[in-house]
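Here is what each chain is made of, one letter per residue.
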Amino acid sequence: MSSPVRVLVAKPGLDGHDRGAKLVARALRDAGFEVIYTGIRQRPEAIAAVALQEDVDVVGLSILSGAHVALTKKTADALRAAGADDVVLVVGGTIPAKDVGRLQDAGAAAVYPTGTPLETLVDSIRSL
Amino acid sequence: MDETVQSEAGIPLSTSYGPDDLPPPESIPSPGVFPFTRGNFPDGYRGRLWTIRQYSGFGTPEESNERYRYLLDQGATGLSVAFDLPTQCGYDSDDPDVEEEVGRVGVAIDSLADFEILFDGIPLDAISTSMTINGSAAILLAFYVATGEKQGVDRAKLQGTIQNDILKEYVSRGTWIWPPRPSLRLIADTIEFCADQIPRFNAISVAGAHFRDAGATAAQEMAFTLMDGITYCEEVIGRGRMTIDQFARQVSFYFYTHGNFFEEIAKYRAGRRRWARIVRERFGAKEDRSCMFRFGVVSGGASLHAPQPHNNIVRVAYEAMASVLGGVQSMFTAAWDEPFAIPTEESATLALRTQQILAYETGVARVADPLGGSYYVEALTDAMEEKLVEIMEDLERQGGMVKGIEDGVLQRQISEQAFSIEQAVRSGERTVVGVNKFQTDEERPEVEGYELDEKGRLRQLERLAEVKRTRSAADVSATLRALAKAAAKDDENLMPHLIDCATAYCTVGEMVHVLKDEWGEFSQPVVF
């Protein structure tokens, strides 16, 4: 039997709106994942450090401030710098459709804009 | 008949209401009479319409100033300033930790130089300004007073509101800086200062809006907010320098109006009556005016949805009408594209027009409290007030707001509620048009949105560097030193010192840093 997938739900930057992050964390937990939530206002380096320390498989960023491209890139860089290259990075939040490609270029394996049903998100993370 | 029909906040609803459901007449006296169930003013909106205020601010002070002038030209009667997150959390634009957030969700402000540009050509004695600012509110208020002085405006003529409600930031919005105790002290300083020197300025807008948007019910939103209001008033009264009648008029409130039409109306009527009773019975207010519950709202927020986004125009219009029937003093109507972008000029104008149609075409503002005496609305108002009392007593039993926040109790209650709403939508128990019913396969329209201009950020950095180069270093260090000294004492009001710092062109980050050295930083309990 394989061990449960470990997910770190993280809020990088200064954006404090975490209703979505908490809902996602809870939905993933209910779906059998092991979930850790960082709380708000985390530096990308701090997120990478927790990811490494907790040995997570997936890092899910939640960003509603519009700074998603820069913060995703910074977090991807921080994960790489910490030697956590194998961690899968995904991003959700207030993300215009035109930015999805830019987020993928920045290192996101999947992107979940506002309005993504929770089931879709859970299934997507399971299939990563 | 389905016997389990209830309002969104869990109030059971009858099939219909009749004369037996009305409260005793003394609970619903005429409009303008304590406890103000039917509104603060005998003539409703005839004397003065609610303030139509559109929240905006983005990029640099130059761009925001241009948008403000446009909105004023289009008939807005007050300004509502959105600040970027670095400003709200107390960082300067040149701080490397926050570079990607500069000018993003609001305007970037580093020093008085930015405020001079932001309000250029806007007379501060004629326009009222609402500022959504909390952790760093006292500092931004200092900038505003200093800007008024530069314009030659008498302090006593400044009018507006700072949000300045830190307690809800710890629970749901997150722009805290210092721990609760010193933050409460700074808020009490601003309340005393405004009461004493700028009486037309609301030193605080106690906000339920963010509890609501984080998932709270209408009843929780109002109850938590009244509890916060009590906490702030107790803080000021506890200093022994002012009575409630000397500062009650500096305290205002702020909420989200969501879609459950009658419940929202009842929420405002019940909250207004409850607050009046609290101010009289608990704090011993002698003047009726001190007991008035004055509030602003946002129509929109989490009640808006991304699928079929034009539906949001309709949602906002209903919410705006509920707000007016509830007796609102100022309103911001959200634009339909807000679930995914900063509104364009076109969508922001449409949101403004929504209020203007309500104010000038529908006739709802012609008669004070038009729903007063409605069997249903009065019964729902009573039920809502009972619910508020229940939630508030429960919180008091658990040790009050500050303790509830430090322990994460409120955070947990709100996330629970958010989760149950989400489940109700997923199961179809709660209908959201276009989301879980009447869906279509249409692609989401590609919205234009506002694109942040990198040149603007660079201009902001240049101006900050220029300010640091040209200001008097001696004045900066002297005023910051005086601030630190005053902060170390408990009984000295910091506002005059912050105004001195502002006038010396100290930056937001510099002032915040001095106070962090004295007070430390907040550490959050993480619950979900």
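What counts and how
Residues numbered from 1 in each chain as written. Chains lettered and ligands numbered in written order. Predicted model: local features only at pLDDT ≥ 70, side-chain atom pairs only at ≥ 80, totals over all residues. Heavy atoms only, no water. Contact = heavy atoms within 4.5 Å. Buried area = accessible area lost by both parts, 1.4 Å probe. Salt bridge = Lys/Arg side-chain N within 4 Å of Asp/Glu carboxyl O. pLDDT = per-residue confidence, 0-100. Buried < 20%, exposed > 50% of the residue type's maximum accessible area, 1.4 Å probe, protein only. Helix = DSSP H or I, 4+ residues; strand = E, 2+ residues; numbered from the N terminus. Pairing = 2+ DSSP bridges. Phe/Tyr/Trp six-rings, centres within 6.5 Å; stacked < 30°, edge-to-face > 60°. Core = buried A, V, L, I, M, F, W, Y, C linked by side-chain atoms within 4.5 Å. Axes fitted to C-alpha atoms, helices over the stretch in contact; angles between N-to-C directions.

Describing the interface of chain B and chain A
At step 1: With 41 residues of chain B at the contact, the number on the chain A side is 37 residues.
At step 2: Across the chain B/chain A interface, buried area totals approximately 3200 Å², and carbon plus sulfur atoms make up 52% of it.
At step 3: The largest share of the area that chain B buries against chain A comes from Glu100(B), Phe419(B) and Phe528(B), three residues that together contribute 22% of it.
At step 4: Our enumeration of links across chain B and chain A arrives at five salt bridges.
At step 5: Salt-bridge contacts for Glu416(B) lead to Arg26(A); the nearest nitrogen and oxygen are separated by 3.1 Å.

Notes on the confidence of the model for chain B
At step 1: With 97% of its residues at a pLDDT of at least 70, chain B reaches an overall mean of 93.
At step 2: For this predicted complex, the interface confidence reaches an ipTM of 0.85, while the overall pTM sits at 0.91.

Comments concerning the pairing of strand 3 (residues 128–132) of chain B
For a regular strand, side chains alternate in direction, first toward one face of the sheet and then toward the other.
Residues and elements named next belong to chain B.
At step 1: The buried count for strand 3 comes to five of five residues, which makes it a mostly enclosed element.
At step 2: Neither face of strand 3 is left uncovered, since the one carrying Ser 128, Ser 130 and Thr 132 and the one carrying Thr 129 and Met 131 both have all their residues buried.
At step 3: Of the strand pairs in this sheet, strand 2 (residues 78–82) and strand 3 are connected by five bridges, and their pairing is parallel. Of the residues in strand 3, the one forming a bridge with Gly 78 is Ser 128.
At step 4: As paired strands, strand 3 and strand 4 (residues 160–162) are joined by three bridges and run parallel to one another. The residue bridging Ser 130 from the neighbouring strand is Thr 161, located in strand 4.

A word on the environment of Gly373(B)
All names here are of chain B.
At step 1: Structurally, the position occupied by Gly 373 is in the loop between helix 12 (345–360) and helix 13 (375–397).
At step 2: A residue is classified by how much of its surface remains accessible, and Gly 373, at 34% relative accessible area, is partly exposed.
At step 3: Residues Gly 373 and Pro 23, spaced 350 residues apart in sequence, show a C-alpha to C-alpha distance of 9.2 Å.
At step 4: If we skip the residues at most four places from it in the chain, Gly 373 touches Leu 22 and Glu 378.

Quick word on the packing of aromatic side chains
In this description, a pair of aromatic rings is defined by centroid distance and the angle of the planes.
Residue and element names in this part refer to chain B.
At step 1: Counted according to the given criterion, the structure contains 21 aromatic pairs over all chains.
At step 2: Residues Phe 253 and Phe 293 carry aromatic rings whose centres are separated by 4.6 Å and whose planes lie at 25° to one another, so their mutual orientation is stacked. With Phe 253 in strand 7 (residues 251–257) and Phe 293 in the loop between helix 10 (261–282) and strand 8 (295–299), this residue pair connects regions lying 40 residues apart in the sequence. Note on accessibility: Phe 253 and Phe 293 belong to one class, buried.
At step 3: With a centroid separation of 4.5 Å and an interplanar angle of 20°, the aromatic rings of Tyr 268 and Phe 295 are classed as stacked. A residue pair is termed long-range when its members are at least 10 positions apart, and Tyr 268 in helix 10 and Phe 295 in strand 8 qualify at 27 residues. As far as burial versus exposure is concerned, Tyr 268 and Phe 295 are alike and both buried.
At step 4: Ring pairing ties together the aromatic residues Phe 83, Phe 115, Phe 119, Phe 143, Tyr 144 and Phe 201, which thus form one cluster.

Observations regarding the nonpolar core
The nonpolar side chains of a soluble globular protein tend to be buried with one another.
At step 1: Judged by nonpolar contacts, the single largest core of 158 residues is most densely connected at Leu28(A), Trp50(B), Phe115(B) and Phe143(B).
At step 2: Counting residues per element, this core draws most heavily on helix 8 (residues 218–238) of chain B, at 11 residues.

So, unusual backbone geometry
Leaving glycine aside, a negative phi is the common case for residues, and trans is the common case for peptide bonds.
All names here are of chain B.
At step 1: In this model, Phe 34 is joined to Pro 35 through a cis peptide bond whose omega is 0°.
At step 2: Tracing the sequence through the fold places Pro 35 in the segment before strand 1 (51–56).
At step 3: Positive phi, normally seen in glycine, also occurs at Asp 369, with a value near 40°.
At step 4: With respect to the element layout, Asp 369 can be found in the loop between helix 12 and helix 13.
At step 5: Assessed through its relative accessible area of 10%, Asp 369 is described here as buried.

Quick look at helix 18 (residues 495–503) of chain B
Residues and elements named next belong to chain B.
At step 1: Of all the residues in helix 18, the buried ones are Met 495, His 497, Leu 498, Ile 499, Cys 501 and Ala 502.
At step 2: The inward-facing, buried residues of helix 18 abut helix 3 (112–118), helix 4 (137–150), helix 6 (180–197), helix 17 (473–488) and helix 19 (508–519).
At step 3: At the C-terminal side of helix 18, Tyr 505 shows a positive phi close to 65°.

Digging into the sheet that holds strand 4 (residues 88–93) of chain A
Strand pairing in a sheet takes place through backbone hydrogen bonds and is either antiparallel or parallel in direction.
All names here are of chain A.
At step 1: Reading across from one edge, 2-1-3-4-5 is the order of the five strands in this open sheet, with parallel pairing throughout. Here the strands that pair on one side only, and so sit at the sheet edges, are strand 2 (34–37) and strand 5 (110–113). Each adjacent strand pair in this sheet contributes to an overall mean axis angle of 20°, direction not counted.
At step 2: As paired elements, strand 4 and strand 5 share four bridges and run parallel to each other. The residue bridging Gly 92 from the neighbouring strand is Tyr 112, located in strand 5.
At step 3: Packed on one face of the sheet, helix 3 (residues 68–81) meets strand 3 (58–63) and strand 4 and runs near 155° to strand 3.

A closer look at the pattern of salt bridges
At step 1: Within this structure, the stated rule accounts for 51 salt bridges over all chains.
At step 2: With its nearest N and O atoms 2.4 Å apart, the salt bridge here joins Glu34(A) to Arg6(A). One end of the pair, Glu34(A), is in strand 2; the other, Arg6(A), is in strand 1 (residues 6–10), with 28 residues separating them in the sequence.
At step 3: Judged by its relative accessible area of 35%, Glu34(A) falls in the partly exposed class.
At step 4: Here Lys168(B) makes a salt bridge to Glu169(B), at a shortest N to O gap of 2.9 Å.

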